[in-house]
Each structure stands twice: as structure tokens, then as C-alpha cells.
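# A closer look at the structure
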Amino acid sequence: MANSYTLYGRQGSGSLVVQAALEEIGAPYERIWVAREPAALARLRELNPTGRVPALRLPDGSFMFESAAILIHLAAAHPAAHLAPPVGTSAHARFLQWVVYLSANVYESVLRIYYADRYSTRGPADAEPIAAQATADYHAHLGLISEALDPYVLGAEYSVADAYLHMLAGWCPGDRGQLHARLPQLGRHSALVAARPAMLKVEADHAA
Ligand SMILES: N[C@@H](CCC(=O)N[C@@H](CS)C(=O)NCC(=O)O)C(=O)O
């Protein structure tokens, strides 16, 4: 589709938050699920050399990857959607802080949990302790950002950082109820974000 976005993703992957942002914006977009076959991965690498999702084709035909960068770009490109505070304000500085925090810490630890065998030259032999440390890190990172919730990451105003946190906290290994019992403000946050029409639509698409 010319003049619209094309989102490359997979069900249950980090493309969920980008899709939620596109829905909030109301921008036309095509959503493509990338298969795991070698040919599909080779095609993905032509667009995104990391071979990962999400990747986004912009309306001018260029491509970008890295979920945090995509979210920051979409919020800046569509200010009327109010997905971030105005650029240059101290509220925007805090927005950048938390989006980068989520990417560099929460997303990073969740990848160590689910791809633990990639983090040692011994492969699966070390996966168990690597995943255990990653799980501890993930909970510590979620605990830190939960301290900021009031009820959203930036206070009273929703931003796309909230959708990012909601997605990443939803990937909690084990019982999410226990996570929310330990971090009740995170449980309240999750309920608020999950009830947004854009998130309801996109979570249903990812669960279908
Ligand atoms: N730093 C990247 C991480 C993307 C990433 O690792 N995505 C996962 C899915 S959530 C993926 O593509 N995994 C497939 C693989 O690594 O083989 C981002 O934030 O976009």
C-alpha cells in the first residue's frame, strides 16, 4: 500500500506495541506476519539486517527497526495523536528516558529469558542460570519503573511508553497475578492500558 505504513511483525512479538501506536494514530497500515522459514527471514533481513521484528516501512518507502526508535518516531510524526509530550519539553525528556529504559533494560532482560541459549558460547548448557538471572533483572527493572506510575508512566497523561510497558510486563514468565500482587500499581496500569480500544483490537489480532 503506497503512502501508508507497513508493519512487519509476529503474533506475540514486539510488533504489538507498534501496531497499537498505529491504531492510536489512526494511520492506514498493512500488517504482515513474518514466517520463520529461511526464505522469509532472508527477505526480512533485506529490510532489517538484525532479522528481528518489529520493522516498519514508512510512507515514503524507507525502513526502520528498533521498537523504541519506531515509537519515538511515530509519536513525533503524528503529534495530534498525543502519544508523547511536545518535543523539547522536560516532559518529553522524561518520555525519552522511560522509553529508552524499557528498551535497554526490560526488553533486554526479557530477550535473555526467552533466548537464554544465545547468551553463552555453551548454548543450552548455560540457559538455566542465564534465564534465572534475566528473570531477576526483569522483575527489578519492572519494580523500578512501577515506582513512577501515577497512574501512567508520565503521570496523568497517557503516552506510548505506557503501551510499551504494558506489552513488556505482559511477557512476564509465570503468574502475572503474582506480579500484580507484588506491584499493584503495575496491575492498575495494565488494566487501564488493556482497556484502550486500540490495545483491545491489537491484542485480539495477536491472539487470533
Ligand atoms: N531491540 C529490538 C529487539 C527486537 C526483538 O528481539 N524481537 C524479537 C521478537 S519480540 C525477535 O524478532 N525475535 C526473533 C529472533 O531473535 O530470532 C527491538 O526493540 O525492536
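Residues numbered from 1 in each chain as written. Predicted model: local features only at pLDDT ≥ 70, side-chain atom pairs only at ≥ 80, totals over all residues. Heavy atoms only, no water.

## Here's the deal with the sheet that holds strand β3 (residues 55-57)
Read across the open sheet, the 4 strands follow the order β2-β1-β3-β4; overall the sheet is mixed. The open sheet has two edge strands with one neighbour each: β2 (29-33) and β4 (63-65). Each neighbouring strand pair of the sheet contributes to a mean axis angle of 20°, computed without reference to strand direction. Of the strand pairs in this sheet, β3 and β4 are connected by 3 bridges, and their pairing is antiparallel. Each residue of the ladder has a partner; that of L56, found in β4, is M64. Packing of helix α3 (residues 67-77) onto the sheet brings it into contact with β1 (5-9), β3 and β4, and relative to β4 it is tilted by some 125°. (Pairing = 2+ DSSP bridges. Helix = DSSP H or I, 4+ residues; strand = E, 2+ residues; numbered from the N terminus. Axes fitted to C-alpha atoms, helices over the stretch in contact; angles between N-to-C directions. Contact = heavy atoms within 4.5 Å.)

## So, the pairing of β1
Most of β1 sits inside the fold, with 5 of its 5 residues counted as buried. Here β1 shows two buried faces, one formed by Y5, L7 and G9 and the other by T6 and Y8. In this structure, β1 lies alongside β2, joined through 5 bridges in parallel fashion. Counted as the bridge partner of G9 is W33 from β2. The parallel pair β1 and β2 is bridged by helix α1 (residues 15-25), and the resulting crossover is right-handed. In terms of strand pairing, β1 meets β3 through 3 bridges, oriented antiparallel. Paired with L7 across the two strands is L56, which belongs to β3. (Buried < 20%, exposed > 50% of the residue type's maximum accessible area, 1.4 Å probe, protein only. Right-handed = clockwise from strand over helix to strand, strands pointing away.)

## Some words on a positive patch on the surface
Together, R36, R45, R52 and R118 make up a region of like positive charge exposed at the surface. Inspection of the secondary structure assignment puts R52 in the loop between α2 (38-47) and β3. Since its relative accessible area comes to 38%, R52 is described here as partly exposed. (Patch = residues over 30% accessible without salt bridge, like charges linked within 9 Å, V, L, I, M, F, W, Y side chains within 5 Å. Areas by Shrake-Rupley, 256 points an atom, 1.4 Å probe, with all protein chains shown as cover. Salt bridge = Lys/Arg side-chain N within 4 Å of Asp/Glu carboxyl O. Lys, Arg positive; Asp, Glu negative; His and termini not counted. Charge placed at Lys NZ, Arg CZ, Asp CG, Glu CD.)

Taken by themselves, the reported measurements are silent on function.
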